[in-house]
Amino acid sequence: VQLQASGGGLVQAGESLTLSCAASGRMFTLNTMGWHRQAPGKQRELVADISNSGRANYADFVKGRFTISRDSSRDNPKVYLQMHSLKPEDTAVYYCYFYQIPERREYWGRGTLVTVSS
């Protein structure tokens, strides 16, 4: 599975940004797509993920501010992360990932940088 993420950039605190990620390759129907992030000097952490059935899961620090969604394409699924009310502490490299449930295997995109200035 290959992942192509886009949408990162520089914004001011309080503004919004949307990340997108497209998956391609050999995929099983049962999967989860989502986003992790890694800030400088910190460990990578889960931001949000969403199953192929549409069940979403959010980290506490983004609840109410971020929304994850995905389209229903089987061959080229896409996942989106709408980020609102961004804070400087949201500054990080955001990584898209794809988890194949039958294989129990993760795939990662290259990451896209989000910088939030105060």
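What this report covers is the structure whose coordinates are included nearby. (Residues numbered from 1 in each chain as written. Predicted model: local features only at pLDDT ≥ 70, side-chain atom pairs only at ≥ 80, totals over all residues. Heavy atoms only, no water.)

1. Details of unusual backbone geometry
- Of note in this structure, Ser-85 is not a glycine but carries a positive phi near 50°.
- Mapped onto the fold, Ser-85 is located in the loop between β8 (78-83) and β9 (92-100).
- Exposure remark for Ser-85: the relative accessible area of 40% places this residue in the partly exposed category.
- Here the phi dihedral of Arg-104 falls at roughly 55°; this positive angle occurs in a residue that is not glycine.
- Mapping Arg-104 onto the fold places it in the loop between β9 and β10 (105-108).
- The exposure class of Arg-104 is exposed, given its relative accessible area of 71%. (Helix = DSSP H or I, 4+ residues; strand = E, 2+ residues; numbered from the N terminus. Buried < 20%, exposed > 50% of the residue type's maximum accessible area, 1.4 Å probe, protein only.)

2. Looking at the pattern of salt bridges
- For the structure shown, the criterion picks out 5 salt bridges.
- The partner of Glu-45 in a salt bridge is Arg-37, and the shortest N-O contact between them spans 3.0 Å.
- The exposure class assigned to Glu-45 is partly exposed, which follows from its relative accessible area of 31%.
- With relative accessibility at 6%, the residue Arg-37 sits in the buried group. (Salt bridge = Lys/Arg side-chain N within 4 Å of Asp/Glu carboxyl O.)

3. Comments concerning the packing of aromatic side chains
- For the structure on display, the rule yields 1 aromatic pair.
- The ring of Tyr-95 carries Arg-44 above its face, with NZ or CZ at 3.7 Å from the centroid.
- Positioned above the aromatic ring of Trp-108, the side-chain terminus of Arg-44 is 4.7 Å from the ring centre. (Phe/Tyr/Trp six-rings, centres within 6.5 Å; stacked < 30°, edge-to-face > 60°. Lys NZ or Arg CZ within 6 Å of the ring centre and 35° of its normal.)

4. Notes on the state of the cysteines
- Scanning the model with the defined rule gives 1 disulfide in all.
- The partner cysteine of Cys-21 in its disulfide is Cys-96, sulfur to sulfur 2.0 Å. Between Cys-21 and Cys-96, the S-S dihedral sits near -85°, and the bridge is therefore left-handed. Taken together, the residues span a long stretch of sequence, with Cys-21 in strand β3 (residues 17-24) and Cys-96 in strand β9 at a distance of 75 residues.
- Note on Cys-21: relative accessible area 2%, which makes it buried. (Disulfide = S-S within 2.5 Å.)

5. Describing the environment of Gly-34
- Secondary-structure assignment places Gly-34 in strand β4 (residues 31-38).
- Residue Gly-34 is classed as buried on the basis of its relative accessible area, which comes to 0%.
- Separated by 33 residues in sequence, Gly-34 and Thr-67 have C-alpha atoms that sit 11 Å apart.
- Residues contacting Gly-34, with those up to four places away along its chain left out, are Ala-48, Asp-49, Ile-68, Tyr-95, Cys-96 and Tyr-97. (Contact = heavy atoms within 4.5 Å.)

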